[in-house]
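Coordinates in review
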Amino acid sequence: MQSIVVYCGANFGHKQIYRESAYELGAELAKKNIRLIYGGGNMGLMGRVADGALENNGLATGIIPNFLAKLEVAQKTLTELHFVDTMHERKAKMVSLSDGVIALPGGFGTLDELFEILTWSQLKIFHGPIGVLNINGFYDHLLAHLNKMVEEGFLHQAQLDLLIVSDRATDLLEKMQAYHESEKENKPLDTSLFVKNIEK
Ligand code: AMP
């Protein structure tokens, strides 16, 4: 894997462990020479992941919509910062640049991004590994609900199995790498299936 998009909170969360683990993930990506792709902001866990990558000589690319760039401070020291017009364009661009996806703890924005990519994976639009870094058991309730969706017949077990879950960044990245290597077809992303006029 050469690049991974990280979805995570624009807030820090109350506990110190969230910001520490976000920084560690950024550092681990740098160590493995995996470029970080993310929302481009410097606030909350987003800023910590980017700091972790950049302070450990890694590469970080931000994708930020123009309207957000005006409202908030984009991370200044990024390797690259792309400006786009819309939120949908931003999500498509982030995924089009990435070999895999990781969700850290976050709010609506993070869950929106995670569920969109799971849906695209289910529809075989996206073929990369999708990981959840379950820091401090943050995602336990959500994972229980996903199992409920299987029990009640709204989700196939095979689709739930697409989700790779771990509470440690190193372990998560190893599992995602193994999935990436096992993807025999390794199909390129056909961006026209979810948005028009996106440049790769
Ligand atoms: P949230 O989980 O609601 O804090 O939203 C964070 C996620 O949504 C990130 O992964 C971003 O891609 C996107 N996002 C939401 N709000 C912002 C913001 N103010 N600045 C940058 N990205 C944001």
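Let us look at the structure shown here. Values in this document were obtained by computation on a predicted structure and should not be read as measured data.

Points about the pairing of strand 5 (residues 100–103)
- Across the two faces of strand 5 the burial is the same, with Gly 100 and Ile 102 and Val 101 and Ala 103 all buried.
- After leaving strand 5, the chain enters helix 5 (residues 108–122) and then returns to the sheet as strand 6 (residues 130–133), a path that is right-handed.

A few points about the environment of Leu 81
- With respect to the secondary-structure elements, Leu 81 resides in strand 4 (residues 80–84).
- Relative accessible area serves as the criterion here: at 29%, Leu 81 is assigned to the partly exposed category.
- With 64 residues separating them along the chain, Leu 81 and His 145 place their C-alpha atoms 36 Å apart.

A look at the sheet that holds strand 6
- Taken together, the 7 strands give an open sheet; going across it, the order is 4-3-2-1-5-6-7, and neighbouring strands pair in parallel fashion. For this open sheet the edge positions go to strand 4 and strand 7 (163–166), each flanked by a neighbour on one side alone. On average, each strand axis in the sheet is inclined to that of its neighbour by 25 degrees, with strand direction left out of account.
- Examined bridge by bridge, strand 3 (residues 60–65) and strand 4 share 5 bridges and lie parallel to one another. Its bridge partner lying in strand 4, Ile 64 is registered against Phe 83.
- Across the sheet, helix 2 (residues 44–54) lies against strand 1 (3–7), strand 2 (35–38) and strand 3, angled at about 160 degrees from strand 2, the strand it touches most.
- Sitting on the sheet, helix 5 touches strand 1, strand 5, strand 6 and strand 7, and the angle it makes with strand 6 is about 150 degrees.

Details of the site of the ligand
- Lining the immediate environment of the ligand, one finds 16 residues, of which Ala 10, Glu 72, Gly 107, Thr 110 and Glu 113 sit closest.
- Ala 10 has a polar backbone atom sitting 2.8 Å from an oxygen atom of the ligand.
- A distance of 2.8 Å separates an oxygen atom of the ligand from a polar atom in the backbone of Gly 109.
- Summarising the interface, the protein chains cover 84% of the accessible area of the ligand, which totals 480 Å² for the free molecule.

Quick notes on the packing of aromatic side chains
- Enumeration according to the criterion identifies 2 aromatic pairs in this entry.
- Pairing Tyr 18 with Phe 138 gives two aromatic rings, centres 6.1 Å apart and planes at 80 degrees, and the pair type is edge-to-face. One end of the pair, Tyr 18, is in helix 1 (residues 16–31); the other, Phe 138, is in the loop between strand 6 and helix 6 (140–151), and 120 residues separate them in sequence.
- Residue classification places Tyr 18 among the buried positions, given a relative accessible area of 10%.
- With relative accessibility at 33%, the residue Phe 138 sits in the partly exposed group.
- Each ring, one from Phe 138 and one from Tyr 139, has its centre 4.9 Å from the other, and the planes form 90 degrees; the classification is edge-to-face.
- Among the aromatic residues, those joined into a ring-pair cluster are Tyr 18, Phe 138 and Tyr 139.
- Taking the ring centre of Phe 12 as reference, the NZ or CZ of Arg 19 above it sits at 4.2 Å.

What counts and what doesn't
- Residues numbered from 1 in each chain as written.
- Predicted model: local features only at pLDDT ≥ 70, side-chain atom pairs only at ≥ 80, totals over all residues.
- Heavy atoms only, no water.
- Buried < 20%, exposed > 50% of the residue type's maximum accessible area, 1.4 Å probe, protein only.
- Helix = DSSP H or I, 4+ residues; strand = E, 2+ residues; numbered from the N terminus.
- Right-handed = clockwise from strand over helix to strand, strands pointing away.
- Pairing = 2+ DSSP bridges.
- Axes fitted to C-alpha atoms, helices over the stretch in contact; angles between N-to-C directions.
- Contact = heavy atoms within 4.5 Å.
- Near = heavy atom within 4 Å.
- Polar contact = N/O pair within 3.5 Å; in protein donor to acceptor, adjacent residues only side chain to side chain.
- Areas by Shrake-Rupley, 256 points an atom, 1.4 Å probe, with all protein chains shown as cover.
- Phe/Tyr/Trp six-rings, centres within 6.5 Å; stacked < 30°, edge-to-face > 60°.
- Lys NZ or Arg CZ within 6 Å of the ring centre and 35° of its normal.

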